[in-house]
Amino acid sequence: MAVASELASLTERAGCVRLELERCESHWQAARQKLAGLEAQQQRCQRESSELQLRQAAARERAAVLEELEQRQEGVGAGVKDLLRRAQEAGSGPLSEIRGIVADALQAQFEFAPLIDIALGQRADFAVVASTLALTQLLESHGGSMSGRVGLLALDGGRATGPSGSVRLESTPGVVGRADTFVECAVDFVPLKRRLLGRTWIVETLTVALELAASAAGEGLSFVARSGEMVASDGTVYVGPALASGGLVSRRSELRDLADRMGELTVALAAQQQLAEQLAGQIESDAADVQSLGTERERLQAAAADLRLLTGAAEERSAQLNSQHAGLQVEITGSGQERDEAARSLERCRGELAEVEASLADAQASLAHDERQGDHLERQRQQRIREATLAKVELAKSEQRLDHLQSRLRQLQQDQDERQRAVTDGQTLLLRSAERAREAERLILEAESQIAELFLQKESMASEIVGLIESRETLRTRRAELLAESQKLRAAIRRLETELHAEELSAGEIRHERGGMADRLREDYNIELSELEHKETDEEQHVRAEVEEEIASLRRKITNTGSVNLEALDELDSLETRFNDLSTQFRDLSGAKNSLQQIIEKINVDSRRLFSETLDTVRGHFQTLFRKLFGGGQADIIIEDEVDILESGLEIVARPPGKEPRSISLLSGGEKTLTCVALLLAIFRSKPSPFCVLDEVDAALDEANIGRFVAVLQEFLAWTQFIVVTHSKKTMTCAGALYGVTMQESGISKRVSVRFEDVSDNGEILRTRDESAEAEASASAAATEQDETQAA
């Protein structure tokens, strides 16, 4: 009953824990989903903040550029700049009546600012004067002192050119509006705005502008299209792109628009940052809730698992108790029957007891004798047990030594097999080497015959080369003469150009002086120089000639007299000493130059000879290896410029089987790879080394090409060992050993090496070298421990 009540209690507790776990699981999932949504919203907020920061930075940079242009007054004429500067410095007088320039007075909407710039044209940087009287006074007092050309406008001056009441184009299709309606200004500048822009209309396209200009001819209207074209009141059409830097009005409008945008971006960025901070706090709070719910969930899962274990154990105990109860019922029934039988047996036993008591005395006497004999046998048994224990220890030691000797025997057998294989491989290589030696002797004989033929050809070509060298030297001499002559001609041309330029400069100066003198004569004496030009008389010409001759004589005397240099002798001595030193240095340098040129020529001769010999050797190997790798075809290495092979390039020409000869740059990826491998192996064969590392050279090759590539590599195994990094299984099957790196445990790498003789027929690895080394180390350690035990 206790077990049943305990089982019921555990079942009830398990149900409560399960319900609580389901509730906690649903809350945990909801909290995770909410946290994921907040994190996504936070990332979106961060992206929007980054975009706003980028836009703010771009606007700030653009505003800085425009402000710099404004500070430099870019686009304003030099005369206007000087006039405005002087107006700022003047406290009173006509200059104080200057109210700025037109672009300062007008504030256009950002969208229409470029069009307003086009409509104003050059008038955008005209200076604005308060009145016509002030303008007149300004011209009288400062009109001649302007540093540049300046346009001036009076606020109350000019002809009234405001909008005409008879011309109403607002409702005309394609018309955006009159230009002055898109411009704001102070009350004082309204007449100026109407005068400058009151008869200018902004339209959609140039076509509409041309149609309206034709229909309103004689009205004095101008039209500006949204695309930047303009039709003036006189019919002139202006097309083409505007200035890249923009006009003064559009630049100021863009500055105001950038200031507004930067303010809006600052507000939006602050809002985004505040939202990001709120999201961060909420995410932190929700993350803590998720973590606490996760902890509670893990606790409930552990409690549910414990209850499941307790419930299972209680159910098992209940089942065991039920089975024991049934067994006890059966035993109770059998015990009743046995009790009756025991009562009957009791009566019989009482009779027998008397007989037994009589014989008991006899048995006790014999028992004492048997106990003494048993003690003696027990001592003998203990002695035998100690002897058996010692024998078992010796047997265990013998078995350990046997296992160690057997493992050593297997290792020795493996080493013997490897040495036998090495001997077999050596014999095979010896046979191959003998065959190669015979083949080499045959090739040597053929080569000697070819060398003899080539020697004859060389002698015949040597004579031709001598003739060609003589002709080349003749051509070089002729070329040097032509170069010297051309240098002289170029020097003469440059000298004449210099003299011509000097003459042009002097003529320009004379014209400038003549113009200045003519202006001075005109302004100071009201004399026109053209009126003074007349034909001189014979007497005047004679007098002029005498004067010029006297002037020339005096100039020659002054030039010849010159200034007396008292240190001329000392300067002459120092110059002669320096000339001697420089002459000695020049002779030394000339000798060193000649010796260096001789050394360079000798090095070039040796280099050409070595390069030619090496190139011929590599070319032969390259052609042979190319045919082996491609299964046919032809290839060659061609010198681009055979006159000077040290400065010449090399071109690889390849013809795979069934294709036309072409440059290596026109081959496919696999063909390029095979051609490059053939060239590298040809260079390697000309000067081999004991080791060679190839890193994934077969990545672009198919199975057939990989087979030929491996066959070529096997020819080099007599004197070179290859270390190949590859992903190709076919290349791996031809290797003698495989080395790899695996990560059986996270963060712990392990090197694995396998030889193909260690792989059985069914593909299982018998024992890797690392495992053999570990087994041998373990066996050695066990043998050492056993020896120490025996010594102890």
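Residues numbered from 1 in each chain as written. Predicted model: local features only at pLDDT ≥ 70, side-chain atom pairs only at ≥ 80, totals over all residues. Heavy atoms only, no water.

Trainee: Would you mind going over the environment of isoleucine 683 with me for this structure?
Mentor: With respect to the helices and strands, isoleucine 683 occurs in helix 12 (residues 669-686). Isoleucine 683 gets classed as partly exposed once you look at its relative accessible area, which sits at 42%. Put simply, isoleucine 683 and valine 618 are 65 residues apart on the chain and 5.6 Å apart in space, counted from C-alpha to C-alpha. (Helix = DSSP H or I, 4+ residues; strand = E, 2+ residues; numbered from the N terminus. Buried < 20%, exposed > 50% of the residue type's maximum accessible area, 1.4 Å probe, protein only.)

Trainee: Looking at this structure, I do not really get the pattern of salt bridges. What am I missing?
Mentor: Where side chains of opposite charge bring their charged atoms close, a pairing between them can arise. Counting across every chain of the model gives 12 salt bridges. Across the pair arginine 178 and aspartate 180 runs a salt bridge, and its minimum N-O distance is 2.7 Å. Exposure remark for arginine 178: the relative accessible area of 14% places this residue in the buried category. The class for aspartate 180 is buried, based on a relative accessible area of 5%. A salt bridge links arginine 478 to glutamate 481, with the shortest nitrogen-to-oxygen separation between them at 3.7 Å. Taken together, the residues span about one helical turn, with arginine 478 and glutamate 481 both in helix 8 (residues 248-525) at a distance of three residues. For arginine 478, a relative accessible area of 48% translates into the label partly exposed. For glutamate 481, a relative accessible area of 45% corresponds to the partly exposed category. The structure contains a network of salt bridges with shared partners spanning Glu111, Glu204 and Arg226. (Salt bridge = Lys/Arg side-chain N within 4 Å of Asp/Glu carboxyl O.)

Trainee: Can you help me understand a nonpolar patch on the surface in this one?
Mentor: On the surface, Leu596, Ile599, Ile600 and Ile603 cluster together to form a nonpolar patch covering roughly 380 Å² of accessible area. Here isoleucine 603 shows up in helix 11 (residues 568-630). Take isoleucine 603: its relative accessible area is 47%, and that puts it in the partly exposed class. (Patch = residues over 30% accessible without salt bridge, like charges linked within 9 Å, V, L, I, M, F, W, Y side chains within 5 Å. Areas by Shrake-Rupley, 256 points an atom, 1.4 Å probe, with all protein chains shown as cover.)

Trainee: In this structure, what is going on with the packing of aromatic side chains? I would like to understand it.
Mentor: Two numbers describe a pair of aromatic rings. These are the distance of the centres and the angle of the planes. Applying the stated criterion across every chain yields a total of seven aromatic pairs. Across from the ring centre of tryptophan 201, 5.9 Å away, lies the NZ or CZ of arginine 178, which sits over that ring. (Phe/Tyr/Trp six-rings, centres within 6.5 Å; stacked < 30°, edge-to-face > 60°. Lys NZ or Arg CZ within 6 Å of the ring centre and 35° of its normal.)

Trainee: I tried to follow the sheet that holds strand 3 (residues 127-129) on my own but got confused; where do I start?
Mentor: Picture the strands of a sheet paired through backbone hydrogen bonds; they go either parallel or antiparallel. Within the open sheet, the three strands sit side by side as 1-3-4. Their pairing is mixed. Looking at the sheet topology across the chains shown, the edges are occupied by strand 1 (98-101) and strand 4 (152-154). Taking each pair of neighbouring strands and ignoring which way they run, the sheet shows an average axis angle of 30°. The pairing of strand 1 with strand 3 spans two bridges and is classified as antiparallel. (Pairing = 2+ DSSP bridges. Axes fitted to C-alpha atoms, helices over the stretch in contact; angles between N-to-C directions.)

Trainee: Help me understand a negative patch on the surface in this model?
Mentor: The grouping of Glu567, Asp570, Glu571, Asp573 and Glu576 at the surface amounts to a negative patch. Note on placement: glutamate 576 falls in helix 11. (Lys, Arg positive; Asp, Glu negative; His and termini not counted. Charge placed at Lys NZ, Arg CZ, Asp CG, Glu CD.)

Trainee: Looking at this structure, I do not really get the sheet that holds strand 5 (residues 175-178). What am I missing?
Mentor: Strand order in the open sheet made by the five strands is 5-7-8-9-10, with mixed pairing throughout. The open sheet has two edge strands, strand 5 and strand 10 (237-238), and neither has a second partner. The pairing of strand 9 (residues 230-231) with strand 10 spans two bridges and is antiparallel. Note that in strand 10 the partner of methionine 230 across the bridge is tyrosine 238. Together, strand 7 (200-203), strand 8 (222-225) and strand 9 form the strand contacts of helix 4 (residues 113-120), whose direction differs from that of strand 8 by roughly 145°. (Contact = heavy atoms within 4.5 Å.)

Remember, this is a structural readout, not a statement about activity or role.
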